[in-house]
Amino acid sequence: MPETEDELELERRCRAYHEAAHAVVAFWLGRNFSRVSMSCFQTCPPDPIGVWAQVGEIMMYMAGGLAIREFVTDAEPHLEGDAVDRKEIDRNIQSIAQFMKEHRDHQLDTEQAIRDIREQTRQFMKIPEAEKSIEALAKALHEKGRLNYREAVKIMTDAGMEESIAQDLPPRNKWGW
């Protein structure tokens, strides 16, 4: 629990970047969400889920902790992510591993897959439009505490972000995602 005003401010900045990154990745992937706030990010249920959608889910959950690491350089490591994100990452990667085993007769190295997806997420966040969108959305969240879908999308598009950018990136690993 933060004890000083500086610690409270640092925690608020971390939370703003964490939730902003979730929203930017979701928007990039074409996922709908109802709101983004300092306390949570709420997506709408995905369409029928396939491997690509699950990789996107993992990227979305990884983005929060990665954003804190990338944008809030004075943050303590324990502020980088939360248990909900880690649980969702594990659930999705196990589902992908099961699919690969059943349908591709391939044993997925889940640790390597997580490293690959983390690197994809990190590379995405370095795209100038994504970086600007995360910064702008985090600033707005820090000031307002909560944004609805329209407000968040306007901030992201004003920063140059487009949903279609996901289709422009080449596959990054041997599995094609």
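Cut-offs and rules
Residues numbered from 1 in each chain as written. Predicted model: local features only at pLDDT ≥ 70, side-chain atom pairs only at ≥ 80, totals over all residues. Heavy atoms only, no water. Salt bridge = Lys/Arg side-chain N within 4 Å of Asp/Glu carboxyl O. Helix = DSSP H or I, 4+ residues; strand = E, 2+ residues; numbered from the N terminus. Buried < 20%, exposed > 50% of the residue type's maximum accessible area, 1.4 Å probe, protein only. Axes fitted to C-alpha atoms, helices over the stretch in contact; angles between N-to-C directions. Parallel < 35°, antiparallel > 145°, perpendicular 65-115°, else oblique. Left-handed = near helix turned anticlockwise from the far one by under 90°. Contact = heavy atoms within 4.5 Å. Phe/Tyr/Trp six-rings, centres within 6.5 Å; stacked < 30°, edge-to-face > 60°. pLDDT = per-residue confidence, 0-100.

## Remarks on the pattern of salt bridges
Move 1: Counted by the stated rule, this structure contains 6 salt bridges.
Move 2: Among the salt bridges present, the one from Arg15 reaches Glu19, with a minimum N-O distance of 2.4 Å. Pair noted here: Arg15 and Glu19 are both in helix α1 (residues 5–28), with a separation of 4 residues, about one helical turn.
Move 3: For Arg15, a relative accessible area of 26% puts it in the partly exposed group.
Move 4: Taking the relative accessible area as the measure of exposure, Glu19 reaches 4% and is therefore buried.
Move 5: Here Arg122 and Glu119 are joined by a salt bridge, their closest N and O atoms 3.2 Å apart. One end of the pair, Arg122, and the other, Glu119, are both in helix α4 (residues 110–125), 3 residues apart, so they sit about a helical turn from each other.
Move 6: With relative accessibility at 21%, the residue Arg122 sits in the partly exposed group.
Move 7: Classification of Glu119 by relative accessible area gives partly exposed; the value is 33%.
Move 8: One continuous salt-bridge network, built from bridges that share partners, spans Glu70, Glu119 and Arg122.

## Concerning the packing of α1 against helix α5 (residues 128–144)
Move 1: The N-to-C vectors of α1 and α5 enclose an angle of 130 degrees; their axes lie 8 Å apart at closest approach. Put simply, α1 runs oblique to α5. At the point where α1 passes α5, the crossing takes the right-handed sense. Note on element contacts: α5 touches α1 through Ala130, Ser133, Ile134, Glu135, Leu137, Ala138, Leu141 and His142, opposite Glu9, Arg12, Arg13, Ala16, Tyr17, Glu19, Ala20, Ala21, Ala23 and Val24.

## Some words on the packing of aromatic side chains
Move 1: Throughout the structure, instances matching the rule amount to 3 aromatic pairs.
Move 2: Taking the centre distance of 5.3 Å and the plane angle of 10 degrees together, the rings of Tyr17 and Phe71 count as stacked. You can see Tyr17 sitting in helix α1 and its partner Phe71 sitting in helix α2 (residues 51–71), a full 54 residues away along the chain.
Move 3: Taking relative accessible area as the criterion, Tyr17 reaches 12% and is therefore assigned buried.

## Here's the deal with the environment of Arg13
Move 1: With respect to the secondary-structure elements, Arg13 resides in helix α1.
Move 2: Separated by 58 residues in the primary sequence, Arg13 and Phe71 have C-alpha atoms spaced 9.4 Å apart.
Move 3: Aside from chain neighbours lying at most four places away, what touches Arg13 is Val72, Asp74 and His142.

## With respect to the confidence of the model for the protein
Move 1: When pLDDT is averaged across the protein, the result is 80; 80% of the residues are at 70 or more.
Move 2: Per-element mean pLDDT across the protein ranges from 60 in strand β2 (residues 41–43) up to 94 in α5.
Move 3: Here residues 166–177 scores under 50 on pLDDT; set against residues more than four positions off or in separate chains, the count is 21 contacts.

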